[in-house]
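Architecture and fold: a report
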Amino acid sequence: MDDLDPTETREWLEALDSICRSQGDERASYILAQLNARATENGIDLPQSVTTHFCNTIPVVREKKMPGDLFMERRIRSLVRWNALAMVMRANAQSDGIGGHIASFSSAATLYDVGFNYFFRGSSDDMPGDLVFFQGHSSPGMYARSFLEGRLSVEQLDKFRREVDGTGLSSYPHPWLMPDYWQFPTVSMGLGPIQAIYQAHVMRYLSARDLVARGNRKVWAFLGDGECDEPETLGAISLAGREGLENLIFVINCNLQRLDGPVRGNGKIIQELEGVFRGAGWNVIKVIWGRHWDQLLERDKSGLLLQRMNEVCDGELQNYKYNGGAYTREHFFGKYPELLELVKDMTDEQIMALNRGGHDPYKVYAAYSEAIESKGHPTVILAHTVKGYGLGAGGQAANDTHSVKKLDVENLRIFRDRFGIPISDDQLETVPYYRPEENSPELIYMKERRASLGGPLPSRKSDFEEMSVPALKAFDKQLGSSGKREISSTMAFVRILSTLIKDKDIGQYVVPIVPDEARTFGMEGMFRQLGIYTSAGQKYVPHDREQIMYYKEDKKGVILEEGINEAGAMSAWLALATAYSTSSRPMIPFYIFYSMFGFQRIGDLAWASGDCQARGFLIGATAGRTTLNGEGLQHQDGHSLILANTIPNCKSYDATYSYELAVIIQSGLKCMFEDKENCFYYLTTMNENYVQPAMPTGVEEGIVRGIYPLKRSQEVTTKKKVTLMGAGTILNEVVAASQILKEEFSVETDIWSLTSVNELVREGQAVDRWNLLHPTETPKISYVEQQVGDISDPIVIATDYMKAYAEQLRRYLPSSLHVLGTDGFGRSDSRETLRHFFEVDRYFIVVAALKGLADKEIIEQSVVSEAIESFSIDPEKMNPLYM
Ligand SMILES: Cc1ncc(C[n+]2csc(CCOP(=O)(O)OP(=O)(O)O)c2C)c(N)n1
Ligand SMILES: [Mg+2]
């Protein structure tokens, strides 16, 4: 838009400057808000933009001064840079293809250094430390710093990415592999940021409930600009804004590049992110230009330099750092003669040295200082950097710099000289590490800095004070029969949860988490009883206030109701499930969700939970492809147990009865919080109502290990006997089938409840493995084989899951096995119809049992076909797998 009256424009701007000077920013902001309101009243179209100029948010006069020794810190940073590079190069020299990254940390070194020197607090006795999410592939920089601090040895650095013998350094941050070092797995792009948001959220939740004092603890998350394209990165930022998570700081390393090339070659990623975060209620601090630009900007009275900064796209900004000073003069400043004039006294080298904000410790320090003071808002720092900074022709700002793993000797020499590393030319070839003397000023300085901030980072606490969990008898009601009342296993679970919450010892640590689905699972009674956590409390009278189960939001609420946001709810669970480590406060989170929207939806977060050594329960409610009958293809889960089993430390169960659930949950609590086994639990529950029987005696161990006898036929003399196994609601079909077999075909049955095929098979495979490696010793026998014994009768297993789930047992069963399961896309219909469609109902179980007997020539095959006919099963029925 043209300026029709520049004098008038200047007067308005001067008036604003004058208010800022004489009365401060707050007053200026107030006046602007008033003008804004008046403009709206007058119907004036306001500029839509939520972005500011492409320049630093913090004006030079407001920059808080960095107190330390700039030169000393640069020397230290240079040593960190060198050792990080050396580590990756040496690892690849030893074993080509082992990988590692140089360019990302090169661009982020200052961002981390300033944090380590002044901001990240370690844990002290009175307060757990800040939580820092380190960008996964910048890990070489963290190892290099720890090496200088004396925390890691040369031998360990030389074992970068040699993880198998347990003494090496993990490729990326993995608490599972380095449990005393890394806290959070971050290398799967997007999982770091979303975890960080929910860590900050849960930190405030725990403090609101007086369980862990928050103090001014912070959560720092370092991420890449390319990573911001992940839905998980930006998907939950509005929660952070809404909840005013002032304890949260994102540092986005905007080196303008990702793996293949520019993040936004034709646009400006920093400006885009500024708009997105500001719109979500964040405090945005852009750190775009380093201090060498200050003078130029100061001298640029016309605003043309700023205009040029605004108009240049990221692809060009990358070119400047790739091509150097002369190119920058010609293509950046050269667009306008006035700008060429501005830099006419500068050499090309000086133009090249015009630094970017993220490489200027002063600018970074000023930004962090404001970030930690932010009140009522999370802060994002958008730091402009150069990918592959310092690698020169070895890859600085090149499109392929992400994958650079080594420099040739010439570039290594340039790198060494640039950063002043005391390594001689003849040593260069071997890229030795460099660590100054123990009492060198550098090491003393860096150790002193960390000591003043409470100790080294990264650092993870593995141990915690064990909890005493309730004995099984606390769940008496759930162990007994429900009498004539028919209830679902989901409802039984909710009762167990209520019992737990009332427990005087551990009740306050139990946290139910739901993603807008509490009513689906019959948990709405908890709304009023426990309250739903929100930092705002309840500013309205809910319309159902007079009802017993009204929707009660509360600053001290216990329930985390995370909205329709499975990734968010899972991240909240993960934050609580790791509170034993991050806050020395073991918590017992139960995340209850539609089983189909569990692992399938948030699989990578579940995997990260395993890595994090989460402790808690995931409840896949409404499980079973034919049991959740009315919802159709996208809802009906027949495979979550298979997905759960892919996570090595996730124990998964498919309980049928209330007492089974009680036994599993009680043993899970004991296992995780008393015996401190490193695992978490996934339990499926279902929404079909039936009478819950009382627990038979002596079955507890079997329930936990995965199988127990539900019914044994007495002293069988006939050969007409089969063994039936089932799980979940389909166990009831098995029981019904047993009756039909007896009454209509005089066939005897044993029935087993399979509470966990996954646990049985894991144990069985461990036994197989032992036997393989101990050929001369007496072979061990798997638990399931011990239980079932050497039977010869046919076995039929039926579940509401894909056949692959129960098929895993085939290896451990002694006689012929037929597995029935629900392969194929689900669909909506009555349970009865669906069970016929998927071929898991009582009649199919009977047919499979008879076929087993016929194949053993105990009965005629014609008996089977007669049964098929009498049950009105069409033998030419389409296979549900293909329908
Ligand atoms: C979910 C996921 N997808 C892909 C990758 C592979 N990957 C690792 S780093 C990277 C590029 C990262 O770019 P950016 O976030 O800008 O970080 P930078 O290295 O530039 O700091 C990619 C694609 C990954 N680690 N995780
Ligand atoms: Mg990047």
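Just so it is clear, the model here is predicted, and its values are computed rather than measured.

Section: the overall build of the chain
In terms of regular secondary structure, the chain is built from 36 helices and 20 strands. Taken over the C-alpha trace, the chain has a radius of gyration of 32 Å; the compact-globule value for 883 residues is 29 Å, and the two agree within 12%. Referenced to the eigenvectors of the C-alpha coordinate spread, the extents of the chain come out at roughly 105 × 75 × 55 Å. Looking at the chain as a whole, 57% of its 883 residues qualify as buried. Accessible area for the chain stands at about 36,900 Å²; split by element, carbon and sulfur atoms hold 51% of it.

Considering the sheet that holds strand β20 (residues 817-820)
Within the open sheet, the five strands sit side by side as β16-β18-β17-β19-β20. Their pairing is mixed. If you trace the sheet from one side to the other, it starts and ends with β16 (708-711) and β20, each paired once. The mean inter-strand angle of the sheet, taken between neighbouring strand axes irrespective of direction, is 25°. Looking at chain direction, strand β17 (residues 721-726) and strand β18 (residues 748-753) are connected through six bridges and run parallel. Paired with K721 across the strands is E748, a residue of β18.

Observations concerning the state of the cysteines
Scanning the entire structure with this criterion turns up zero disulfides. With no disulfide partner, C313 has as its closest neighbouring cysteine sulfur the one in C254, 16 Å distant. Take C313: its relative accessible area is 25%, and that puts it in the partly exposed class.

A word on the packing of aromatic side chains
As enumerated under the stated definition, the model contains 53 aromatic pairs in all. On the basis of an interplanar angle of 65° and a centroid distance of 5.4 Å, the ring pair of F120 and W220 is categorised as edge-to-face. Separated by 100 residues along the polypeptide, F120 in the loop between α4 (103-119) and β1 (131-133) and W220 in strand β2 (residues 219-224) bring together distant segments of the chain. Both residues of the pair, F120 and W220, count as buried. Aromatic pair W573 and F680: ring centres 5.5 Å apart, planes at 65°, arrangement edge-to-face. Residue W573 is found in helix α24 (residues 566-577), and its partner F680 is found in strand β14 (residues 680-684); the two are separated by 107 residues along the sequence. The exposure class of F680 is buried, given its relative accessible area of 0%. Positioned over the ring face of Y172 is R161, at 4.9 Å from the centre of the ring. K268 extends its terminal NZ or CZ atom over the ring of F54, reaching a point 3.7 Å from the ring centre.

Here we look at a negative patch on the surface
A surface patch of negative charge is lined by D2, D3, D5, E8 and E11. With respect to the helices, strands and loops of the structure, D2 is situated in the segment before α1 (6-23).

As for a nonpolar patch on the surface
On the surface, W12, L32 and L35 cluster together into a nonpolar patch covering about 330 Å² of accessible area. Within the secondary structure, L35 sits in helix α2 (residues 25-41). You can call L35 partly exposed: its relative accessible area is 39%.

Brief notes about the nonpolar core
Counting residues in hydrophobic clusters, the biggest one holds 199 residues, and the most contacted among them are F250 and F590. Excluding residues that lie within four positions of it along the chain, F590 makes contacts with F493, L497, L500, V510, V511, P512, I513, W573, F617, I619 and I665. With 74 residues, the next largest nonpolar core counts L79, A366, F419 and V431 among its residues.

A look at the pattern of salt bridges
Under the definition given, this model contains 50 salt bridges. Of the charged contacts in the structure, one is a salt bridge between R77 and D113, with a shortest N-O distance of 3.2 Å. Here the residue R77 occupies a position in helix α3 (residues 70-94), and D113 occupies one in helix α4, the gap between them amounting to 36 residues. On the accessibility criterion, R77 (6% relative accessible area) is buried. Between E149 and R145 there is a salt bridge; the shortest N-O distance is 3.3 Å. The exposure class assigned to E149 is buried, which follows from its relative accessible area of 10%. A relative accessible area of 1% means that R145 is categorised as buried.

Some details on the packing of α3 against α4
At their nearest, the axes of α3 and α4 sit 10 Å apart, and the two run at 130° to each other. Our classification of the angle between α3 and α4 gives oblique. Read as a crossing pair, α3 and α4 show a hand that is right-handed. When α3 is examined against α4, the residues E73, R77, V80, R81 and A84 are found in contact with a partner set consisting of F105, S106, A109, T110, D113, N117 and Y118. Considered class by class, the residues forming the contact of α3 with α4 number five nonpolar, three polar and four charged.

With respect to the sheet that holds strand β12 (residues 617-621)
One open sheet accounts for six strands, arranged β10-β7-β11-β12-β14-β13; its pairing is parallel. Both edges of this open sheet fall to β10 (560-561) and β13 (650-654), since each of them pairs with a single strand only. Pairing geometry for strand β7 (residues 510-514) and strand β11 (residues 588-594), over four bridges, is parallel. What sits directly across from V511, in β11, is P589. On the sheet, α24 packs against β7, β10, β11, β12 and β14 and is oriented at approximately 165° with respect to β11.

Some points on the site of ligand 1
Near ligand 1 you find 18 residues, and of these S104, H137, D225, G226 and K387 are the closest. With respect to ligand 1, the backbone of M189 contributes an N or O atom lying 3.1 Å from a nitrogen atom. The separation between an oxygen atom of ligand 1 and a polar side-chain atom of N255 is 3.0 Å. When ligand 1 is considered free in solution it has 590 Å² of accessible area, and contact with the protein chains removes 75% of it. Its residues assigned to classes, the shell around ligand 1 comprises three nonpolar, ten polar and five charged.

Let's talk about the environment of I270
Within the secondary structure, I270 is located in helix α10 (residues 269-279). Taking the C-alpha atoms as reference, I270 lies 6.8 Å from C254; in sequence the two are 16 residues apart. Here I270 is in contact with F54, C254, K286, I288, L382 and H384, once residues within four sequence places are set aside.

A few points about α2
Compared with the 24 Å implied by 1.5 Å per residue over 17 residues, the 24 Å span of α2 between its first and last C-alpha is a close match. Note on α2: the residue one or two positions beyond its end, G43, has a positive phi of about 70°.

Here we look at helix α5 (residues 139-148)
A large share of α5 lies buried, amounting to ten of its ten residues. Regarding α5, the residues found buried are S139, P140, G141, M142, Y143, A144, R145, S146, F147 and L148. In this structure, the buried residues of α5 make contact with α3, α4, α6 (154-157) and α20 (441-452). Following α5 by one or two positions, G150 has its phi on the positive side, about 85°.

The rules behind the values
- Residues numbered from 1 in each chain as written.
- Chains lettered and ligands numbered in written order.
- Predicted model: local features only at pLDDT ≥ 70, side-chain atom pairs only at ≥ 80, totals over all residues.
- Heavy atoms only, no water.
- Helix = DSSP H or I, 4+ residues; strand = E, 2+ residues; numbered from the N terminus.
- Rg over C-alpha atoms; globule rule 2.2 N^0.38 Å.
- Buried < 20%, exposed > 50% of the residue type's maximum accessible area, 1.4 Å probe, protein only.
- Areas by Shrake-Rupley, 256 points an atom, 1.4 Å probe, with all protein chains shown as cover.
- Pairing = 2+ DSSP bridges.
- Axes fitted to C-alpha atoms, helices over the stretch in contact; angles between N-to-C directions.
- Disulfide = S-S within 2.5 Å.
- Phe/Tyr/Trp six-rings, centres within 6.5 Å; stacked < 30°, edge-to-face > 60°.
- Lys NZ or Arg CZ within 6 Å of the ring centre and 35° of its normal.
- Patch = residues over 30% accessible without salt bridge, like charges linked within 9 Å, V, L, I, M, F, W, Y side chains within 5 Å.
- Salt bridge = Lys/Arg side-chain N within 4 Å of Asp/Glu carboxyl O.
- Lys, Arg positive; Asp, Glu negative; His and termini not counted.
- Charge placed at Lys NZ, Arg CZ, Asp CG, Glu CD.
- Core = buried A, V, L, I, M, F, W, Y, C linked by side-chain atoms within 4.5 Å.
- Contact = heavy atoms within 4.5 Å.
- Parallel < 35°, antiparallel > 145°, perpendicular 65-115°, else oblique.
- Left-handed = near helix turned anticlockwise from the far one by under 90°.
- Nonpolar A, V, L, I, M, F, W, Y, C, P; charged D, E, K, R; others polar.
- Near = heavy atom within 4 Å.
- Polar contact = N/O pair within 3.5 Å; in protein donor to acceptor, adjacent residues only side chain to side chain.
- Expected span 1.5 Å × (residues − 1).

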